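A look at the structure
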Amino acid sequence: MSELEELHQRIASCTDCDLCRNRTHAVPGEGPPNAELLFVGEGPGFYEDQQARPFVGPAGRFLEELLASIGLQRDQVFIANVVKCRPPNNRDPLPGEIESCRKYLQQQIELIQPKVIISLGRYSLAWFFPRDTISKVHGQTKVKDGIYFMPMYHPAAALHAGNMRSVIEEDFKKIPAVLKRAREAPPAQAAPVPEPEQMRLF
Ligand code: URA
């Protein structure tokens, strides 16, 4: 069994915070173990908890559409969450729950070594950049710890507020250019990423 599979087994049986009490399944995340792109959401919802898979409900369908818009299928990217168990009634994760779960996303990043991390929503942004505000930094390229980042609004936001949809769609178009830059330039020498253009990724 790979280290990532072992990690996911530990997550599946984790009892480090109270979210384990109400879960049906923990949702470690899924994707190629060497994915170049890592998407990080907030936490499992109803459908994810039922199926033990990330982003399989309505927000997941929109995420798949967004991926398709840049020529990608979900099995080409890694999809994970800040917390691995569903908060009751889909409430926001509590600070203590996020801290209990921090080690798991940290280890996933170390094992997968993605070239670009796309944070989805404010909890995911805060996990990486606690001082930033999503309305200010969404769609901007950032660099931290040798990895490129692209913060985005959460796809579920588009399901509630119509005008968010086009904002997220525009931000998504920037991913190919960031990935191209990440492949070419080590983040230590990170240069500004050019304007989005149509590029094939794979
Ligand atoms: N929303 C998230 O943040 N993560 C999921 O896995 C599903 C919905």
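Residues numbered from 1 in each chain as written. Predicted model: local features only at pLDDT ≥ 70, side-chain atom pairs only at ≥ 80, totals over all residues. Heavy atoms only, no water.

**Let's talk about the packing of aromatic side chains**
Any aromatic ring pair is given by two values, namely how distant the centres are and how the planes are angled relative to each other. This model, assessed by the stated rule, comprises five aromatic pairs. Relative to Phe149, the ring of Phe128 has its centre 4.9 Å away and its plane inclined at 55 degrees; by these criteria the two rings are tilted. Within this pair, whereas Phe128 is found in helix H6 (residues 122-128), its partner Phe149 is found in strand E5 (residues 147-152), the two being separated by 21 residues in sequence. Across the pair, Phe149 and Phe128 agree in class, each one buried. With 5.0 Å between their ring centres and 85 degrees between their planes, Phe129 and Phe149 make a pair best called edge-to-face. Separated by 20 residues along the polypeptide, Phe129 in the loop between H6 and helix H7 (134-137) and Phe149 in strand E5 bring together distant segments of the chain. Both residues of the pair, Phe129 and Phe149, belong to the buried class. Counting every residue linked through ring pairs, the aromatic cluster contains Trp127, Phe128, Phe129 and Phe149. Positioned over the ring face of Phe129 is Lys142, at 4.7 Å from the centre of the ring. Across from the ring centre of Phe129, 5.2 Å away, lies the NZ or CZ of Lys144, which sits over that ring. (Phe/Tyr/Trp six-rings, centres within 6.5 Å; stacked < 30°, edge-to-face > 60°. Helix = DSSP H or I, 4+ residues; strand = E, 2+ residues; numbered from the N terminus. Buried < 20%, exposed > 50% of the residue type's maximum accessible area, 1.4 Å probe, protein only. Lys NZ or Arg CZ within 6 Å of the ring centre and 35° of its normal.)

**Considering the pairing of E5**
Most of E5 is tucked away: six of the six residues are buried. Alternating residues of E5 divide into Ile147, Phe149 and Pro151 and Tyr148, Met150 and Met152, and every residue in both groups is buried. In this sheet, E5 lies alongside strand E3 (residues 116-120) in parallel orientation, the contact comprising five bridges. Each bridged residue has a counterpart across the sheet, and for Ile117 the counterpart in E5 is Phe149. (Pairing = 2+ DSSP bridges.)

**Digging into empty space enclosed by the protein**
Applying the stated criterion to the full structure yields one cavity of 30 Å³ or more. Space inside the largest cavity adds up to approximately 110 Å³. Forming the walls of the largest cavity are 14 residues, and the residues nearest its centre are Cys14, Cys17, Cys85, Cys101 and Tyr104. Counting residues per element, the ones that place at least two in the lining of the largest cavity are helix H2 (19-22) and helix H5 (95-112). For the lining of the largest cavity, the leading source of residues is H5, giving four residues. (1 Å grid on protein atoms, 1.4 Å probe; cavity = no way out; pocket = protein on both sides within 12 Å on 5 of 7 lines; lining within 4 Å. Points joined across faces, edges and corners; volume = space filled by probe spheres on them.)

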